[in-house]
Amino acid sequence: MRTPAYIAIADDGHITLFWGNGTEEKKHPILRGPQPASSEHLLTVIEGMKAWAEENGYQVVVPSYDLEVPDIQIGITDQDAENLDEDEIIDLLTDILDLDEDEDR
């Protein structure tokens, strides 16, 4: 069985092959590539890194969620709380839940 690994752009901007499937608490780099100069360069480096990984016993996987997007807290100001009515809040929450359901499909 091959070891899972994934390719992502590291915090320093370098294309990097990481060990695991993206759910690990800490990123474990296996192979560090260059910083991409263009989208074409990015694709070329990813293809080469994927080939290297497969030749060396890794299975490149795509993480099931975006690794770099931080959790976003939704809050309202005191002024909004005073001015919004219950129907507007329910409509907003319904829209958010509908978006989440669309992404799950």
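Every value quoted in this text rests on a predicted model; they were computed, and no experiment measured them.

Before going further, it helps to examine a nonpolar patch on the surface. Taken together, the side chains of L84, I89, L92, L93 and I96 present a nonpolar region at the surface, about 390 Å² in accessible area. By the secondary structure assignment, I89 is in helix α3 (residues 86-104). Under the relative-accessibility criterion, I89 is labelled partly exposed at 36%.

Going through the model one piece at a time under the given rule, you end up with two aromatic pairs. Relative to F18, the ring of Y6 has its centre 5.4 Å away and its plane inclined at 25 degrees; by these criteria the two rings are stacked. Linking Y6 in strand β1 (residues 3-9) with F18 in strand β2 (residues 15-19), this pair joins segments that are twelve residues apart in sequence. Note on F18: relative accessible area 4%, which makes it buried. Taken together, a centroid distance of 6.4 Å and an interplanar angle of 20 degrees make the contact between W52 and Y58 stacked. For W52, a relative accessible area of 31% translates into the label partly exposed. Over the face of the ring belonging to F18 we find K27, whose NZ or CZ atom lies 5.4 Å from the ring centre.

Conventions and cut-offs
Residues numbered from 1 in each chain as written. Predicted model: local features only at pLDDT ≥ 70, side-chain atom pairs only at ≥ 80, totals over all residues. Heavy atoms only, no water. Patch = residues over 30% accessible without salt bridge, like charges linked within 9 Å, V, L, I, M, F, W, Y side chains within 5 Å. Areas by Shrake-Rupley, 256 points an atom, 1.4 Å probe, with all protein chains shown as cover. Salt bridge = Lys/Arg side-chain N within 4 Å of Asp/Glu carboxyl O. Helix = DSSP H or I, 4+ residues; strand = E, 2+ residues; numbered from the N terminus. Buried < 20%, exposed > 50% of the residue type's maximum accessible area, 1.4 Å probe, protein only. Phe/Tyr/Trp six-rings, centres within 6.5 Å; stacked < 30°, edge-to-face > 60°. Lys NZ or Arg CZ within 6 Å of the ring centre and 35° of its normal.

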